[in-house]
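# Remarks on the overall topology
Each chain is listed here by its residues.
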Amino acid sequence: RFFRLLKQPENEYIGRDDFLPYIKELLNEHPGLEFLSNHAEFQEKYAVTVITRIFYSVNRCHSGRITSRQLRRSDLLDSFKQVDEEEDINKVTRYFS
């Protein structure tokens, strides 16, 4: 389900830009990232860094496209769940800290 929510309807993969709405929501709502709320430049850099870390770990063939199979084999869903539950984002070291 997560895969279908992220990807564009016409694609069979998740691209880098597909993560932007979710990372922006994380930046706006997560208490551990409140210090970035008035710093748009750093928010952009944080988003790019998180997405780059996701692709480096999940998309091991470095095609720039995350497939459903790659997503299932990764810990990305667990990391999103963990960051949602944890107020101190620095404790979620896999992609978000």
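As a reminder, the structure under discussion sits directly above these lines.
First things first, this report covers the structure right here in the doc. Predicted, not measured: the structure shown is a model, and the values here were computed from it.

### Focus: the overall build of the protein
- Secondary structure assignment for the protein yields 5 helices and 0 strands.
- Its helices and strands taken in sequence order, the protein reads α-α-α-α-α from the N to the C terminus.
- Expected size for 97 residues packed as a compact globule is a radius of gyration near 13 Å; at 13 Å, the protein falls within 12% of this value.
- Projected onto the principal axes, the alpha-carbon positions of the protein cover approximately 35 × 25 × 20 Å.
- Of all 97 residues assigned to the protein, the portion counted as buried reaches 38%.

### With respect to the side chain of Asn59
- Looking at where Asn59 falls in the secondary structure, it is placed in the loop between α3 (40–58) and α4 (68–73).
- You can call Asn59 buried: its relative accessible area is 1%.
- For Asn59, the side chain forms a polar contact with the main-chain nitrogen of Ser63, separated by 2.9 Å.
- Ignoring anything within four residues of it in the chain, the contact list for Asn59 reads Ile54, Gly64, Arg65, Ile66 and Gln70.

### Describing the environment of Val92
- With respect to the secondary-structure elements, Val92 resides in the segment after α5 (76–85).
- Val92 sits 13 residues away from Ser79 along the chain, and the two C-alpha atoms are 7.1 Å apart.

Scoring rules and cut-offs
Residues numbered from 1 in each chain as written. Predicted model: local features only at pLDDT ≥ 70, side-chain atom pairs only at ≥ 80, totals over all residues. Heavy atoms only, no water. Helix = DSSP H or I, 4+ residues; strand = E, 2+ residues; numbered from the N terminus. Rg over C-alpha atoms; globule rule 2.2 N^0.38 Å. Buried < 20%, exposed > 50% of the residue type's maximum accessible area, 1.4 Å probe, protein only. Polar contact = N/O pair within 3.5 Å; in protein donor to acceptor, adjacent residues only side chain to side chain. Contact = heavy atoms within 4.5 Å.

That's the geometry; what it means functionally is another story.
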